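Summary of structural features
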Amino acid sequence: MPELVPNPVLVRKLKYDGTLRSEWPGDLVDARGDDWLVVLHDRERHQKSPPSPRDPDAAFAIHVIGLAAPLTTLHLFDERGRFIEAKCDAALPARLLGRTIDFVDLDLDVIVLPGGRHDLRDRDVFQARARELGYPPAVRRAAWCGILRALRAVRRGRFPFDGSIEAILGRELAARGPL
């Protein structure tokens, strides 16, 4: 059985004012050209700080981080690799600094459940923070563009909702041997 070679990175979620919201070590497991980075978080090896009470059942999480698009998604899976939910964050395109990936969360979210059900969340939070932190018009537009991109991807079965994230997790789990 081939041995896994970790490719460690640190994903940092920031607010528009630069405040650190969370950081989560993981392993870079894929990239899509210069547009997307795919990072695997394994509950046994990677601890999110601060911990998230929202996803206690998730044994694995996969971040799909936009380097060009104003969107970052987080896909949650149970210990058998079954999809629990995904959260699509409107976000400024991420920056890669060494082994650290920073993205700026812009508050708007789409939550995707099994079967493709989805829900837009946090419009009121977005409006309040946009005023409070002074989001310029271009940043406000970017947030809505990220959300529209997420909705289109979910509804049309496009990356990262085309099965490719599940395939990446399957490949990673298969490399570890039987569950």
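Located above this text is the structure these notes cover.
Just so it is clear, the model here is predicted, and its values are computed rather than measured.

1. Some thoughts on the nonpolar core
- Counting 36 residues, the largest nonpolar core has Ile 62 and Ile 165 as its most contacted members.
- Tallying contributions element by element places helix α2 (residues 137-156) first for this core, with seven residues.
- Every residue in contact with Ile 62, bar those within four places of it in the chain, is listed here: Val 38, Val 39, Leu 40, Thr 73, Leu 74, His 75, Phe 77, Ile 165 and Leu 169.
- Within the second largest apolar cluster, nine residues are counted, among which are Val 39, Ile 65, Ala 91 and Phe 103.

2. Re the pairing of strand β5 (residues 71-77)
- Burial analysis of β5 places seven of its seven residues in the buried class, which makes it a mostly covered element.
- Burial of β5 is two-sided: the residues Leu 71, Thr 73, His 75 and Phe 77 facing one way and the residues Thr 72, Leu 74 and Leu 76 facing the other way are all buried.
- Where strand β4 (residues 60-66) meets β5, six bridges bridge the pair, whose relative direction is antiparallel. Its bridge partner lying in β5, Ile 65 is registered against Thr 72.
- Between β4 and β5, which pair antiparallel one after the other, the connecting turn spans four residues.

3. Description of the side chain of His 41
- By the element assignment, His 41 lies in strand β3 (residues 36-42).
- A distance of 2.8 Å separates polar atoms of two side chains, one belonging to His 41 and the other to His 63.
- If we ignore the near neighbours within four places in the chain, the residues touching His 41 are Val 11, Trp 24, Pro 25, Gly 26, His 46, Ala 59, Phe 60, Ala 61 and His 63.

4. Description of the pairing of strand β2 (residues 20-32)
- Bridging between strand β1 (residues 8-14) and β2 involves seven bridges; their strand directions are antiparallel. By the bridge assignment, Leu 14 is partnered in β2 with Leu 20.
- Hairpin connection from β1 to β2: five residues lie between these consecutive antiparallel strands, with Gly 18 at a positive phi of about 90°.
- In this structure, β2 lies alongside β3, joined through five bridges in antiparallel fashion. Bridging across to β3, Leu 28 finds its partner in Val 39.
- Taking the residues that link successive antiparallel strands as the turn, the β2-β3 hairpin has three residues, and the phi of Gly 33 there is positive, at about 55°.

5. Topic: unusual backbone geometry
- Omega for the peptide link from Phe 159 to Pro 160 comes to 5°, which places this bond in the cis form.
- Mapping Pro 160 onto the fold places it in the loop between α2 and α3 (164-176).
- If you check the backbone angles, Asp 107 has positive phi at about 80° while not being a glycine.
- Mapped onto the elements of the fold, Asp 107 is located in strand β7 (residues 100-112).
- Although it is not a glycine, Asp 122 adopts a positive phi angle of roughly 70°.
- Structurally, the position occupied by Asp 122 is in the loop between β8 (118-121) and α1 (123-133).

6. Quick look at the environment of Phe 126
- Tracing the sequence through the fold places Phe 126 in helix α1.
- As for Phe 126 and Gly 116, which are separated by ten residues in sequence, their C-alpha atoms are 24 Å apart.
- With sequence-adjacent residues up to four places away left out, Phe 126 is seen in contact with Leu 106, Asp 107, Leu 108, Tyr 135, Arg 140, Ala 143 and Trp 144.

7. Observations concerning the environment of Val 125
- Among the structural elements, Val 125 can be located in helix α1.
- What makes Val 125 partly exposed here is its relative accessible area of 28%.
- Expressed as a C-alpha distance, the spacing of Val 125 and Asp 34, which sit 91 residues apart in the sequence, is 31 Å.

How each quantity is defined
Residues numbered from 1 in each chain as written. Predicted model: local features only at pLDDT ≥ 70, side-chain atom pairs only at ≥ 80, totals over all residues. Heavy atoms only, no water. Core = buried A, V, L, I, M, F, W, Y, C linked by side-chain atoms within 4.5 Å. Buried < 20%, exposed > 50% of the residue type's maximum accessible area, 1.4 Å probe, protein only. Helix = DSSP H or I, 4+ residues; strand = E, 2+ residues; numbered from the N terminus. Contact = heavy atoms within 4.5 Å. Pairing = 2+ DSSP bridges. Polar contact = N/O pair within 3.5 Å; in protein donor to acceptor, adjacent residues only side chain to side chain.

The analysis is restricted to geometry; functional conclusions fall outside its scope.
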